[in-house]
Structure formats: structure tokens, C-alpha cells
Amino acid sequence: MRNKRNAAIAGIVSLVVMTICLWLIVRNIGDPAMPLNTLAPAGKQNWEIFNLVKPVFFIAGLVFLAVEAGVIWMAVRFKRNKDDVDGVGEPTQTHGNTTLEIGWTLVPALVLAILAVFNVKTVLEIEKSENPIEVRVIGQQWWWEYRYDTNNDGTVDIITATQVVVPVGRDVKMKLQSNDVIHSFWIPAINGKLDAVPGRTHTLIMTADKPGIYQGQCTEYCGLSHGVMRMELKALPPAEFDKWVDAMTSVPDQPTDPKAIAGQELFVSQCARCHQVDGLTPESSPPFKYSKLPDPEYGQTVDSTLTSKNAPNLTHLMMRQTFAGSLLPLYQGKAAESVTAVPDGVPDRSNLKDWLRDPESVKPMNPENNQGMPNLQLSETQIDQLVAYLVTLK
Amino acid sequence: MALVEDHPPLELGSGAATVSKPLGVFARPTATHGWKSWLFTVDHKKIGIMYGVAAFFFLLVGGSEALLIRTQLAVPGAKLLSADVYNQVFTMHGVTMIFLAVMPMQSAFANYLLPLQIGARDVAFPRMNALSLWIWLSGAIFFNTSWFLGGGANGGWFNYAPNSGVTFSPGHGIDFYAVGLIIMGIGSTVSAINLTVTVLNMRSPGMTLMRMPVFTWMAFVTQVLLVFALPVITVALFLLMFDRLFDATFFDASKGGDPFLWQNLFWIFGHPEVYIMILPSFGIVSEIIPVFSRKPIFGYPFMVGSGIAIGFMGWGVWAHHMFASGIGTLSVLAFSLATMFIAVPTGVKILNWMATMYGGRIRLSTPMLFSIGLVAMFTIGGLSGVTHAFAPADAQQTDTYYIVAHFHYVLFGGALLGLFGGMYFWWPKMFGHFLNEKMGKWNFWIMLVGFNLTFGPMHILGLQGMMRRTYTYTEGQGFNFWNLIATIGAFTIAVSLILFMVNVALSYRRHKANPVDPGPDPWDARSPEWMIPSPAPEHNFDELPVVEEVDEFWHRKYGHDENGRLVRIARTEDVVQKGDATDVHLPSPSYWPLVMACGFPFVGYGLIFNYWWLVPGVLLIILGIFGWVFEPSTDPSAGHHHDDDYPTDDRPDAVDGSEDAPTDAEAGDGEVDGSSDDADERTLEPAMASTEETTVG
Amino acid sequence: MADIALEPVEDLEFPDDTHATSTGISNTKMAMWVYLASDCLLFGGLISTYLLYKNRPGSIPGLAGSPLKASELFNIPFTSMTSFILLMSSLTMVLAVNAVMGGDHKRMRLWLSATCVLGGLFLAGQVYEFTEFVREGLGYTSNVSASAFYTLTGFHGAHVAIGIIMLFSAVGYSFRKQLQAEAVEVLGLYWHFVDIVWVVIFAIVYLIP
């Protein structure tokens, strides 16, 4: 019959087309050209997730092919022909088939019940941690702060922003908090996301497999600049990580270049109102001295006008490789992506200058409502001096 | 509430004694043609059509917002919209599509079809039906005026606290969101109560619950869901409003509030809301597929049962929207498992639709194309839904474009395709002429292709890590190609929508130039609404159909032979109604629903801007209530009154409204109401045998 | 149910209330039941909110309010009394329904008015309680527990107030036209519901520590 042949052709063609569609998804697996790819695991937890997702996608893919091809096949196979006459050879009136229906209620339920076991297993697995280091991760509009207590004495000894640094192979317990609205911390290569909710502390375990800089993105809508609220996770080999901790727990050198010295004074008068460089406050006067420990309550101490009472700690600015919520590199060329404890390269001053000249042109912010950095109306000389100072902070 | 029952129908009907002085101001409108007959109507069919028109308008508004979004995201770093405007646009797009387009469009079908499908002359409370339309519309317009009064809401449709607080969103957009949704919620609650009562109480003789058409069932489940879901969001919205307008701190964590309260309340409403949007379309498709396959729906009890199961289970899975919120391992596990199994009743529906098609004689007319489209597209949305029922997988997928793809496959590929199918299917019943088939097919194929081009790539983008609600992305993130494709797809959908409008306009013109009566039953269909002329006469049925089985109308036309094959037993012309009854009492139109509804936006502006606006608002509402209670239950020229919340008024059939003086027979009718169960009229008693079942239901 | 079975199918009229409906329950009564079911969830949401917040201190800095909890100010004997008054109003409501069923419209008016008065007394008690709390430093915005308390009891108070208006209108209306028993019954449903909700609120908010 003509219908039968056409239906077979339609079914096969649709199978081919649908398979190509599925292939478009499958080919993303492991693609490193996409920095946020969820299908390219580089951490223990995402491997767990990936291994759970694989059979689920596989079964879903099969059902997809069966249903789509089935529907198309039927639409062609049982199509009314032009020469069909109503009342002659009309279809058999089937009202249902209880056995069949109970069957296709139970079979999917059974399949799902089996998958449910793996679901439960994975949920529990990705929450496990062994001898973890703890990092407090604080979200605010629109950047992330990380606090370490490296010697476990109960006081914060490192406050940094934008780039969180962890040792490879070690479980890291991220304690997520928020200073204003809900944000979501997400480094897709390592683990799924978890919200940082004001008034609560949530725990997310991350274990990086291999050294690298992994990108992330805030995934809970958090207002104006949500779309560009990014973060990075730098995984270092354990020895390198120790070096990083050493660098971060010692004080930066005082500036020697006159331009930078002028910049430091400018920093104290213009920036210290919100930004902390350990040891400096708006009231500090020369000779300036850095302190070894940051003030965890800095925003309250200096009474910052910001809604979140917090701005990025700049003490070791140049130990990071990006700034402005990971939007802009701090170093030129490859140095911005090198996986070393202490970044080594030529600072990208023009990015810093652009930022200081008009922060809102780089990243949408709402300083009139105390959200984000205001334009300080600095002169070009002042910007030069400030940048000269900022690049000494390492 | 008392307003409804203050009319004492029992005591009336005794003729002259009850003729009250018809106060001029409280007279009822009488227009049967022109715009007045629409504004003041209480006819469920006109109300349904107005829901549809308004919903379609807002579909275009929401669609334009979608085009702005897609244009902004077509290339990396586009500057068409600023972050601020973009955030407003995507918020308004979501709210508009959900509350102003899809929900009212399902209301349109529910309003138009429920009474027809259960064999009733109108809904239980016709004036309240008009009231719910106008309140909803006033809320919808109020909500959209925010564009001109300082900017739209910018918190996302889910509007998570504390970002929705005054501290973080100092403009008025979110005030409009809270107040606007409360107003629309009032309208929807009234409508849901009304339709629930209608289905429970107004079924024609013999129409037991398990004989109702599947669309009626699904729309009924929807109304019940609305009845229970709306108060929950109302609480949340009131708390939000008190936070924003009266300085309460329900959601302000820094002052003791808990942002999770909002999330829980919102999603306890929000998840049933998903089924509120999708179930009516499931119903529509369950009507269309049997008609065009010329087979009964496969497994009617399973279809109904799975719909009810979805409705029930929908209440137990809300926290799957919160897997990444940090609700704790135990909650995640419980909700994850519950969510996995809600796939089962949905799967049953898909397979039963396929089984209905199997072995049929399928006419691939436009309504059927849209229905098959729904089955195929919704399956994709359902399957992607299963993939993120797995909580760990969801931790990767949630708040990425994978989710955007998922719910558009559900709500566009599911709800909207079904609604378009429904429009092509019932157009002749509603307007007395077909939509052009050829253009309809183009409409379908272009929409299907555009839809898949837009939302198919979003699966890929999401898995590649593109997050939701982002106003931009950069070169090097690998999102360029598929975003461009999605934008092309969005404009393709726009073309299909334009084609639909052209089709409507051209078909109407062709019909005006050369009217061809489609007849009562143009598709050789199965449910009671096809027993009456097209367009449906104002009084619906000359006589209420007595129902003996599912697909009553079909079985009056067809039987089957010993092999179970279809055999015609009666000509359609012989079993349909003429629609020419003139002695049917219908409720009179009323000014007051509209008057009352007009008060609500003023109350809204009053709350947001200046309390003085409350004065006209409250006055209008009080005037509306007052007029409602004191208007005569029919137009003054008529001889006697009836409780007007039942279609008992003796306004002559509007079609030939000239013969208005009530005849003796009519007056007699009025008098015997309630006592007319004379034995000789019970000729069709067997049909009533199963009314016991009804009471159980 | 006999009514339904005997319903004449040829009748083009929609017979009124009790005769025509498929379930045998009149439309208005059914609508009231559905509405009350819906209202249960409204109060459910508000009660949950109160339970979540009742023990959260957190006064708002800069406002005159104190970190008081509403529960610290409760005057149980007083509220018990007003609760008793409200419960009594349910009794008078029953009597009103009884009266109208028996066709005694005069007595019905009397009992409806009594219900109004008792409801009014309850509301007055609530207003007194609120002003007392405010005087002791617990304003609406003093803290979340206060906001939750006032919102919950305020919503209930609004329900009572609307009930009183409806009862009052019914009494007024009955002078003009005879009230149908059914209408009073449906009003009664609403009133009893509001009372039951108060019993729940009184137990959960006031009595459970």
C-alpha cells in the first residue's frame, strides 16, 4: 500500500533527522572551547553528575526517537486517502485496552524507580567530603568574595575576590552566604550550582581534578548586572597552593615609585571608604603600614554606604588575574590565564584605567541606589597614579 | 459574597406582585448588537470570545517583548537594550505570557465550551462571569501601564525576595507586579469558582462526570487547581505588597524575614500553575485527535484519571524549582523522587493519544496538525523535564537556557500549539465560518519550524552553560551560533503569528462576501457543542441534550457493526438542533460587572502613588455592588423577575429580539419553575438513571 | 436527590436553585463551599507565615518599636472572652437560619442583628487589642513577628467585617423583600467558617506557646 511505504520512509527520515538533533547535543561532551560547558567535567562532583546524566539522557533519547518517529509514522500510515469514502471501511472503534494502558503506566514507573536509586546515590555522593578545607564564599551585587582561615585559628586570614583558589584533589567546602540578595555559585566544570541566600549558610563541596582556571557565572537572578556576574575557580597543585597561601598571608611591599605613592594617598582618601587594603582606613595618614590580617567587618567599621556594606578587598589585587567580577583581565596576554600561584606578567593598565574612568560603562551598576561602584570623576593624572599604586598590590 | 444570593428567586415569579418600580439608573442594558452588547454581556460565549481577543492581544505584546529579547541576544555584546531595560523586558515577557496570554486563552475556551460541552445554557453565575473577565482585564491593563509610569517590573516572573524589596528595586515596577497580580487573581478566583460550580451543578440530564468530554474534564481540573493555588500566591503577593508599601519585612533577611517563605509560597502556586496552563490544551487535543482519527479517545478513564493524577501530584513537587536553593538533602531527595514520577501520568496521555491515532483514518486538517504538533513537541518538553527531575542534573541545568528550552517546549509546544489547534477547530462554532485551511497549514508549519529553531538550540546553549536572564554574553563563551539561530527562529514564529492574523482577516472577509454556513457539525465531531448551529445561538440548546454515554452526539450518528467498524445510523441533519427556540429565558446584560471592575485599577494606583486615587476606585466598586444588588433581574419591560444569577430571565431570544412582549406561555413557564415535574414530561427518564453517580462526584 | 431524578428534561426553563443542579446542592451554596475551600488556603498561608516568624526577634533599627514578640503581650483572658463572643455569634447565626427556615422573618432579623452585634463586639475587642499592643511598643513594622501577627489577625478581622456588612445588608434587604432561607443559610456558612478559622487562629497563635 502506498501509505505503508510512505510511512516507512517518513519514519526513517524522521529518525535520521532526530538522531542528528541528538548528535548536536552529544557532540558538546567534553568540548573545552566552551568555558561554561556542563558536559566537560573537571571535578569529582561533576563526574558523578555526568555519570548519572548519561544513562538518563540515553533513555530519554530513545523515548524521544520512538515517540517522534512513531507519531510521524502514524500520521502518514493512517492518513485518510482521497479515495476513502466515509462509512466504508471506517476504522475499528477501539475504546481502550486496560492491559496495555496499565502496562504503559507501570513500565515507565519501573524504569524511573530503577533510575531513582542512582539519583539518590548521586545526591548523597556529591555532598560527601573528606578532610576538606573551608572557604567562605560571599555573594553580593555583583561580585564574589572568598574568605579563608588557613591556619584554622578561627580568624579570617585571607580575603580575596573574583577568583577563588583551591588545591587540586582536595575537597573544598564552600560555605555560601550573601550580603544582599540571592546569588548562585556555579563553576559548571566542577559541580552544580547552589544559591547563596541572605541569612543562611549553604555548603557546596568542590573537588577539582586537575589544575586549571574554571569559569563560572552567577545563576540566580540578582538584579541589574546579574548577566555579567562571573567568577573563576583556580585549581593549583597542592605545593603551588601553599605558595599562594604564603603570598596571600604576607603583606605587599610599600610603593616606592612617587606616582604610586601619590596613588596610595589617593586610594586612602577616595577608595578606602569602601575598599579594604589590610591596615589602611580612610583615617590613615602617612607613613602607611599594611597589617597582616584583614578586618572582616571593614564595611561596618568604615561605615560604607553600599547596600551590601562590602567592596572587594584589594590588598592582593594583583594576585588575581581578573577584576570587576571577572569581567576584565588584570594581566596582558597569556599571563591572565596562567595556572601559577603567583601570576607573572605585564599588568593590563588600560583595563584598570577604563574601569576607574567610568565603571558603569564596563559593567552596569546602580550607584545612585548604593549598588556598585560610583564614577569618582577622577582626572587622568589621578587615574594614572591610582593604577600605578594598584599594580603594586601583590 | 452575599450579593449573589440576595435575590430571592423562590418568592418571585408570582407575576404582578413583584414588579418593582424600575429605577431608571438601575435599568438593565438591552443592546443586542454593537459594542454595547459586548461590554455589558453576561453571555458566556461572548465573554469567552472577549477573553480570547484580549489574550491574543497580550500574546502579541508578550511576543514583541520576546522579539526584543531575542534581538538583543542575537549577537554577543549587543547594545539594543540596556541591562536595566532588558531585565524589565524579560520579566514582563514572562508575566504577560503566563497571566495575560496563556491563562486567559484557556479561560476563553473554558468559558466558551464548558457550558456547551455539559449541555448547559450558561455558566452558574453569568454576571460573575462578566465580572471576572473585566477584573482580569482591568488588572492586565493596569499591570501594563507600568511601562509608562516609571518602568515595568524587573524581578523576573518568579520575583525572588529579597531582590524584589524596595532596597534593591526602588522603582514602582514590582508594586505593579504585586498589585496587578492580586487584581487579576481576584478575577481568576471568581471565574474558577464559577466554572467549578458550573461543571458540578449545571450538567444536562444524564451527563455524569464520567460522560463529560475530556476537554471539560481537563478544564475542570484546571479550575479546581486555580481555586486552591490562587490564594497561596495571593498571600505571597500581599506580604510583598506590605513589604514594599507599608515597610513590613517579611522577606528582608537583614531584619528577620526569610526569603524562602516567598519561594515556597510562590512555587506552591507556581507548580500547579504549570498544569493550569497545560491541562486545558491536553483537553483540546483530546477532543481533536478522536474527531480527526474517527476513533474514540483511547482509554477515556485513563485520560481522565491521568489528568486528575497530574492535578494532584502537581501539589507535591513544587520544591523541584528550588533544588539549587539550598533546601536541604532530605527535601531535595523527596521532591526529586516525587517529580520523577509525575512523568508517568503525562506519559500515559502521550501514549493514549498515539493509540487513538493508531488504526484511525486520519484527516490532516489544521486542527489535527496542531494537535499532532503538541504530542510531538510536548514529548520533548516532558523528556527534558525528566532529565532535571534528577536533582544533581538539575543543579547543572537549572537557571540555564536548558530550562528555558524545557518550559517553552511545555508551554509553547504544549499549551500554545493546543490553543491554536483549538482555535482552528472551534472557529466555525464560534464565528460561523472556517479559517482558511491552506493558510492554516502554512501557519502550522511555519510556527512549528520557527518554534523548533528558537527553542531547540536553547537545549544546547543551556548544556553549554548559558545562563538564564542574562542581558548579554561575550565572544569566546561559545554561544554565538545557536543564539543567532534562535533569534532567526523567533522571527519565524512572528511570521506565523502574522499569517494567523491575516488568515483571520481574510477568512472573515471571504465569509462576509460569500457566506457559507458550515453547518452545526462541520468536522463530523463527537461532543454536544456540535449539535447546535454555528455560530452557537445565544441560548445554546433548544433543548438540553440527554446524555447516555461518552461522545453522545457521535453515538447518535454512528453505531458499529459486528466487527466493531463504524456504521452510520442517522443523518447529522436529523440529530442536530435547529437553534430556533424562542421561548428560552436568558439572563439580561448588566452594567455593573464592568463598573465594578473599573474601580480596581484606581485602587491599585491609589496604593502605589497617592491614596486619593482610592476614593474613585472604592466608590466605583461600591457603586458596582450597589447596582448589582438593586438592578432588576431583567429589563424593566419584561413582566416578571427571576434570580438573575441563573439564566432564568425571560428576555426573548436575542436573535429575533423584536418579539419582546412575553407570551402567555412564557409567563406560564416562569411560574411553574421548580414545580413542573409533571409525569408526562418525564419521557426520557431512563437517561436519568445514573444521576446517583453524579451526586457521588 | 429525588429532585434530580425527576427533573423534566423538556423544561426549557432553568429551574431555580435546589431543583435543577446536578448535585442537588444549589449553585450559591456550592459556590460558597468552593470559595471557603479556597479561603482555607489563604488562611493556611497566613498561619504558616505567622508560625515561621513568631519567634523571630529582630527589631528594626531606627524605628521606635521594641524587639517585643506579639506573644509576649497576649492578654489571654481578654482574647478568650472576645473569642467566646464570636463563638456565641455562631449560635445566633444558627438561630437566625432556624428562624428563616421556619418562615419567621421577624425572628430571623432579630438573630441576624444579634450576630452583627456580637461580631461587632469581637471586632471592637480586636481593635482594642491592637491599640493596646501599639501602646506597648509593638507596631505593625516593629519586627517580622509583629507584621505576621497583625497580617494574620487583620485578614481575619477583615473577613469578620465583610461578614458583618453582609449580615447588615441582609437585614436591611429583608425589610424590602423577603429573604430567601437559602441566602441566610449561605451567609451562615460564611459566618461559621470565619468563626472556625478564628478558633484555629486562637488555638495556634494565642494558646500554643
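See the structure printed just above.
Residues numbered from 1 in each chain as written. Chains lettered and ligands numbered in written order. Predicted model: local features only at pLDDT ≥ 70, side-chain atom pairs only at ≥ 80, totals over all residues. Heavy atoms only, no water.

Time to look at the interface of chain A and chain B. Between chain A and chain B, the residue contacts involve 95 residues of the former and 102 residues of the latter. Taking both sides of the interface into account, the surface hidden between chain A and chain B amounts to around 8100 Å²; carbon and sulfur atoms contribute 66%. Counting the surface chain A buries against chain B, the share from its top three residues, Gln93, Trp104 and Tyr221 of chain A, is 10%. At the boundary of chain A with chain B, the tally comes to three salt bridges. Glu90 of chain A is the partner of Arg294 of chain B in a salt bridge, and the nearest nitrogen-oxygen pair spans 2.7 Å. Linking chain A with chain B are 33 residue pairs in polar contact (both at pLDDT 80 or more), by the criterion used here. Mapped onto the side of chain A that touches chain B, the elements with two or more residues apiece are α1 (2–26), α2 (44–77), α3 (98–125) and β7 (194–196) of chain A. (Contact = heavy atoms within 4.5 Å. Buried area = accessible area lost by both parts, 1.4 Å probe. Salt bridge = Lys/Arg side-chain N within 4 Å of Asp/Glu carboxyl O. Polar contact = N/O pair within 3.5 Å; in protein donor to acceptor, adjacent residues only side chain to side chain. Helix = DSSP H or I, 4+ residues; strand = E, 2+ residues; numbered from the N terminus.)

In this section: the pairing of strand β1 (residues 133–140) of chain A. All names here are of chain A. The element β1 is largely enclosed, with a buried count of six among its eight residues. As judged from the seven bridges shared by β1 and strand β5 (residues 172–178), these two strands associate in the parallel manner. Counterpart to Val135 in the pairing with β5 is Met174. As paired elements, β1 and strand β2 (residues 143–148) share six bridges and run antiparallel to each other. Opposite Arg136, over in β2, you have Arg147 as the bridge partner. Remark: two residues form the turn of the hairpin made by β1 and β2, two consecutive strands paired antiparallel. (Buried < 20%, exposed > 50% of the residue type's maximum accessible area, 1.4 Å probe, protein only. Pairing = 2+ DSSP bridges.)

Our focus in this paragraph is the pattern of salt bridges. By the definition in use, this model includes 28 salt bridges over all chains. Among the ionic pairs, Glu552 of chain B bridges to Arg556 of chain B, the shortest N-O distance being 2.8 Å. Taken together, the positions of Glu552 of chain B and Arg556 of chain B, both in helix α16 (residues 552–557) and four residues apart, correspond to about one turn of that helix. Each of the salt bridges in this network shares a partner with another, and the network as a whole consists of Glu90 of chain A together with Arg294, Asp521, Asp524, Lys557 and Arg568 of chain B.

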